[in-house]
Amino acid sequence: TLSCTGSGGSATQSVTVTVGSPSVSETITIDFGVDRGPATYRASGFLFGMSGTNPVASLVEPVKPRLFRFGAQWDSASYTRAKNLGANVQLILSDRYGYGSVPDATKWENLVANYANQAKSNNWILQWDIWNEPNHPFFWAGTQAQFFESWRLAVVKLRSIDPGAVIVGPSVSGFDQYYMQSFLTYAKANNVLPDILSWHDFNPPSTFSEHVKTMRSWMASNGINISRISLNEIVYNGEYTIPGLAVKYFAAVERSGVESAAHACWDEAAGSNCWNYSLDGILTFDGLQSRSSWWAYKGYADVT
């Protein structure tokens, strides 16, 4: 039996749930008198999966994307399209530099300056994601101290060109709280704190709120005032194709109070590239048709 009550009245709907045999019944109570605020679609973010023209608008607009995190695939056409959709854009600078070695200081600063100057001259409004997963050996070849110095160089350069630059980091792999705490301690001491704290949360969505609470509490205890948080990769292997699980991620992101989250993306099978034009796998790999999880995103976007 599903019993719904609230200030607007009440309604009762009988539901029969059969799981194998015998029949199982469960009572769920929903209070419509609780107001959690307006719909924000903050969980409707994507890593890549879109160019300036693909997928077609009829498959992108209905999911109301609010964040695109572009890297090596980024170009001005995709940026313009994302902004026209009302989405924020995070640009992963390390994707533009490359991986496999510790960045040469001069080359790294020059690359950062080049993109900062391009953004300034073109009036691009970007969130600068300095480095992707510096705690993962595939993306960072050096020591933690070497990453911290590369971070410092990038932030100083960006803010010398645009004092109001919005900087995102450290975008670590998983909820690595001790790495983030060391990073934030260094960043505070060197006046290079990010504007948006970010990490990639590949844990069950039920843990998101506790992770956010842990970091907010630690920052408050250590005199670090960062109110904005982005889970700029969520959803682990295989789960991005399951609509029921997608809904759990939406709810967890909303309840956690972060400002954005991006659907992660890996290959599902040999020869398939889910970040081609597929909105990170919620469309078919050619980007021409919706998959079941696309409908979950559309349902989320339809919430008012």
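Predicted, not measured: the structure shown is a model, and the values here were computed from it. (Residues numbered from 1 in each chain as written. Predicted model: local features only at pLDDT ≥ 70, side-chain atom pairs only at ≥ 80, totals over all residues. Heavy atoms only, no water.)

A. Broad picture of the pairing of strand E7 (residues 67-70). Because side chains alternate across E7, one face comprises the buried residues Leu-67 and Arg-69, and the other comprises Phe-68 and Phe-70, equally buried. Looking at chain direction, strand E6 (residues 45-46) and E7 are connected through 2 bridges and run parallel. Following the sheet pairing, Phe-46 is matched in E7 by Phe-68. In terms of strand pairing, E7 meets strand E8 (residues 88-92) through 4 bridges, oriented parallel. (Buried < 20%, exposed > 50% of the residue type's maximum accessible area, 1.4 Å probe, protein only. Helix = DSSP H or I, 4+ residues; strand = E, 2+ residues; numbered from the N terminus. Pairing = 2+ DSSP bridges.)

B. The arrangement of the pattern of salt bridges in detail. All chains considered together, the criterion is met by 7 salt bridges. Between Arg-42 and Glu-254 there is a salt bridge, with its nearest N and O atoms 3.4 Å apart. Linking Arg-42 in the loop between strand E5 (28-31) and E6 with Glu-254 in helix H8 (residues 243-256), this pair joins segments that are 212 residues apart in sequence. Residue Glu-233 is joined to Arg-69 by a salt bridge in which the shortest nitrogen-to-oxygen separation is 3.1 Å. Here the residue Glu-233 occupies a position in strand E12 (residues 228-234), and Arg-69 occupies one in strand E7, the gap between them amounting to 164 residues. According to the relative accessible area criterion, Glu-233 is buried, its value standing at 7%. Residues joined in a network through salt bridges with shared partners are Arg-69, Asp-129 and Glu-233. (Salt bridge = Lys/Arg side-chain N within 4 Å of Asp/Glu carboxyl O.)

C. Highlighting a nonpolar patch on the surface. Side chains of Ile-28, Ile-30 and Phe-32 sit close together on the surface and give an oily, nonpolar patch of about 290 Å² of accessible area. Among the secondary structure elements, Ile-28 is positioned in strand E5. (Patch = residues over 30% accessible without salt bridge, like charges linked within 9 Å, V, L, I, M, F, W, Y side chains within 5 Å. Areas by Shrake-Rupley, 256 points an atom, 1.4 Å probe, with all protein chains shown as cover.)

D. Geometry of the nonpolar core. Among the nonpolar cores identified, the biggest contains 76 residues, and Leu-93 and Trp-199 are the most heavily contacted of them. Of all the elements, helix H5 (residues 144-161) adds the most residues to this core, at 8 residues. (Core = buried A, V, L, I, M, F, W, Y, C linked by side-chain atoms within 4.5 Å.)

E. Structural context of the packing of aromatic side chains. Counted according to the given criterion, the structure contains 27 aromatic pairs. The interplanar angle of 10 degrees and the centroid separation of 5.5 Å between the aromatic rings of Phe-68 and Phe-70 together place this pair among those described as stacked. Owing to a relative accessible area of 0%, Phe-68 belongs among the buried residues under this scheme. Among the residues examined, Phe-70 registers a relative accessible area of 1% and is labelled buried. Taken together, a centroid distance of 5.0 Å and an interplanar angle of 25 degrees make the contact between Phe-148 and Tyr-186 stacked. Residue Phe-148 is found in helix H5, and its partner Tyr-186 is found in helix H6 (residues 177-189); the two are separated by 38 residues along the sequence. The ring of Phe-285 carries the charged tip of Arg-291 above its face, separated from the ring centre by 5.6 Å. (Phe/Tyr/Trp six-rings, centres within 6.5 Å; stacked < 30°, edge-to-face > 60°. Lys NZ or Arg CZ within 6 Å of the ring centre and 35° of its normal.)

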